[in-house]
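Structural characterization, general
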Amino acid sequence: MKKVLFFLLPFLVLANLNAQIVKPVKWTSKVEKLSETEFNLVIQGKIDDEWHVYSQFTPENGPLPAEFAFENEKGNYELVGKVKESPYKKQYNEVFEVDEYYFEKKVTFTQKVKILNANLSLIKAKIDYQVCKQACINDNVQFTFAIPAIKETAVVSSVDTVSKTDTLSNKNKEIKQAGKPSVVVEAPKEEDKKGLWTIFLLAFLGGFAALLTPCVFPMIPMTVSFFTKQSKNPAQGKRNAILYGISIIAIYVVLGLAITGIFGADALNALSTNPWFNVFFFFLLIVFAVSFLGAFEIMLPNSWANKVDRQADKGGVVGILFMALALAIVSFSCTGPIVGTLLVESASKGGIAPIVGMLGFSTALALPFMLFAMFPSWMHSLPKSGGWLNTVKVSLGFLELALAFKFLSNADLVLQLHLLEREVFLAIWIAIFGAWALYLLGKITTPHDSPLTHISVGRLSLGLLVLAFTIYMIPGLFGAPLKLISAFPPPQTYSESPTGFFGNSATSSKDGLPDGAEIGPHSLTVFTDYTKGLAYAKTVNKPVMLDFTGYACVNCRKMENNVWSDEKVLNVLKNEVVLISLYVDDKRELPKSEQTVSKETGNDIITVGDKWTEFIITKYKTNTQPFYVLIDLKEEKLNEPISYTPNIGEYLAWLKDGVSKLQIKS
């Protein structure tokens, strides 16, 4: 995973956050009447400059999405569909390696309700959300909506006249609409442009690979011959060839438009983060891979090709268009799996990515047909068809097989099943790429391979490259970071041995840890319970560093990856302080006996995260993360706490200053 080093960010801005309760969002609410029994509960937030509130549709493993809870124990009303929200913006986050969906300046959430009890006068609701700038704040706000008086007859009439079928239909319609949030249409940001260019280039390579398969490559000379012989003059032949290429591009781009139009610009993105759809994509790619490896061919019905051929025989512009459609149908057994994979990958990016992907694929597919028809003499430079075409197809099968397990890994991570941990994933990839290397070196053959009398220089070179890549992955089984493929396997923490195969047993096993401690970043001993951590600090007579953090805190991860990893900083954290990390977004529910109401904010304290949020607010008068506090054994501050501090020298100086003050006190 790429980590971006951040230096010399404006620390003075963050210093202002250290000693105050920050409320970057000002919330208001209102009720909109739709009918006698139906209302919209509207929550509006005004967001301070440079701060972001995250959407409820933000993908797993990223910043915390907004969550809504409505009190309705007695069933006095029903929620119609899900909460709708105003248009959000999207940006890729390199730390979490997912897209962020967020709001700037303002946000509106709307929940439609249907009243079932005419005596209902109030509806209570709560929103849990995260707002970030250079620090992050996890907060929640409670709302009380006043419902206008409703006639008893209106409620009875509404229940009697609306059939169950209609109600279910309307509910499904609302859910579909809520599942397709709208997106701000604006000039693409530089990150978005780079992402689309990457998709285009990868799709272009996919189209080029499809071109070199047994279903497509032999059709180039046949098609070129048709245009050169059927055209009255060379100029007409060139025009027809260009029209043919444009038709190929149009067919695939229309496919991309259809996918985007049917599912919505970002609905597929939401689906791509769903574990069950990832499992579906896994099986789909397995089918594609097995097809490429020669078990069977995926073909469209022959009747389709026959009908299209008859239309192509008519000639003219329409005939050329149907010739392009015939190419797409006839070559489907080779292009279908590639197109399907590209659509799955590009759709996961959202927006117009499927269209861009199909444009890149079809451009690579169409260019040779156009160029060789325009310049027939170039045909002599084309290699002859032969067994190498099947080699390309089988190689694509191995790549499809490897990619399939990436989707299965996504599902496993979201569900936290730990069935496909890092070591298992890498073992599977080593087996796949190892088998591919053996195939390229002639040690394995597939059903459609021609007899191999010798290995070409190109095939040998590719075989050695794949073999080298296979060997490169092997140390990953023992804890090597494998930076070249960091975006594909599960993270090191999601493995059988988080500290590496050769990690010290005293630190890599909980058996050697103090009571209440666990293994943290860089094999640090970390407490997540304040009381147990403080008790241990007293036994070893060391100061405590409180790390107010969050599972979905981007800058917390940046500090751990870029600052804590420094040798001098890590030495202090390991040997001179007791580290207590308190997660303010920990959603585990507290025992009923510990649940209470905040004296500071009036909010309910139900979860472990609520408890630590209340602690940081009441004790240190702030609510930002990351937030670091050095305290002595009497729980007094040793120096002034700090927040996000990407400068290693500054952070190290702060650590040493606090530690030295404890030594002076002692």
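What you are looking at is a predicted structure, and each value in this text was computed from that prediction instead of being measured.

Moving on: helix H19 (residues 567-575). Buried within H19 we find Val569, Leu570, Val572 and Leu573. With its buried residues spanning 160° around the axis, H19 presents them on a single face. Every exposed residue of H19 that faces more than 90 degrees away from the buried side is listed here: Glu567 and Lys568. The distance from a side-chain oxygen at the start of H19 to the backbone nitrogen of Lys568 is 3.1 Å, and the residue carrying that oxygen is Asp566.

Spatial strand order, S11-S12-S14-S13-S17: 5 strands in an open sheet with mixed pairing. Each edge of the sheet is formed by a strand with only one pairing partner; in this case those strands are strand S11 (517-519) and strand S17 (627-631). For this sheet, the mean inter-axis angle between neighbouring strands, taken without regard to orientation, is 35°. For S11 and strand S12 (residues 525-527), the ladder comprises 3 bridges, and the chain directions are antiparallel.

Our next topic: the sheet that holds strand S1 (residues 25-33). The strand order across the open sheet built from 4 strands is S1-S2-S8-S5, with neighbouring strands paired in antiparallel fashion. Two strands bound the open sheet, and with one partner strand each, they are S1 and strand S5 (77-85). Looking at each pair of strands side by side, their axes are set apart by 20° on average, direction ignored. Sheet topology places S1 next to strand S2 (residues 38-47); 9 bridges connect them, and they run antiparallel. From the neighbouring strand, Val25 faces S2, where its bridge partner is Ile47.

All right, on to the nonpolar core then. Grouped together as the largest cluster of nonpolar side chains are 33 residues, with contacts concentrated most on Trp27, Phe109, Ile115, Ile123, Ile127 and Tyr129. Secondary-structure elements contributing two or more residues to this core are S1, S2, S5, strand S7 (98-103), strand S8 (106-115), strand S9 (122-132) and strand S10 (136-146). For this core, the element with the highest residue contribution is S9, accounting for 5 residues. The contacts of Phe109, once residues within four sequence positions are left out, are Trp27, Leu41, Val42, Ile43, Ala66, Phe68, Val83, Lys84, Glu85, Phe103 and Ile127. The next biggest cluster of nonpolar side chains, apart from the first, holds 32 residues, and it includes Tyr244, Ile248, Leu343 and Leu365.

Glancing now at the state of the cysteines. Scanning all chains against the criterion turns up 1 disulfide. There is a disulfide in this structure between Cys132 and Cys136, and the S-S distance comes to 2.1 Å. On the sign convention where negative is left-handed, the bridge of Cys132 and Cys136, at about 115° about the S-S bond, is right-handed. Among the residues examined, Cys132 registers a relative accessible area of 5% and is labelled buried.

Okay, the environment of Glu36 next. In this structure, Glu36 sits in the loop between S1 and S2. For Glu36, a relative accessible area of 41% corresponds to the partly exposed category. Counting along the chain gives 114 residues from Glu36 to Ile150, while the straight-line C-alpha distance between them is 6.8 Å.

Before going further, it helps to examine a nonpolar patch on the surface. The grouping of Leu452, Ile455, Leu460, Leu464, Leu467, Ile471, Ile474 and Phe478 at the surface amounts to a nonpolar patch, some 640 Å² of accessible area in total. Mapping Ile455 onto the fold places it in the loop between helix H14 (422-440) and helix H15 (457-473). Ile455 gets classed as partly exposed once you look at its relative accessible area, which sits at 32%.

About the criteria used
- Residues numbered from 1 in each chain as written.
- Predicted model: local features only at pLDDT ≥ 70, side-chain atom pairs only at ≥ 80, totals over all residues.
- Heavy atoms only, no water.
- Buried < 20%, exposed > 50% of the residue type's maximum accessible area, 1.4 Å probe, protein only.
- Helix = DSSP H or I, 4+ residues; strand = E, 2+ residues; numbered from the N terminus.
- Arc of directions from axis to C-beta.
- Polar contact = N/O pair within 3.5 Å; in protein donor to acceptor, adjacent residues only side chain to side chain.
- Pairing = 2+ DSSP bridges.
- Axes fitted to C-alpha atoms, helices over the stretch in contact; angles between N-to-C directions.
- Core = buried A, V, L, I, M, F, W, Y, C linked by side-chain atoms within 4.5 Å.
- Contact = heavy atoms within 4.5 Å.
- Disulfide = S-S within 2.5 Å.
- Patch = residues over 30% accessible without salt bridge, like charges linked within 9 Å, V, L, I, M, F, W, Y side chains within 5 Å.
- Areas by Shrake-Rupley, 256 points an atom, 1.4 Å probe, with all protein chains shown as cover.
- Salt bridge = Lys/Arg side-chain N within 4 Å of Asp/Glu carboxyl O.

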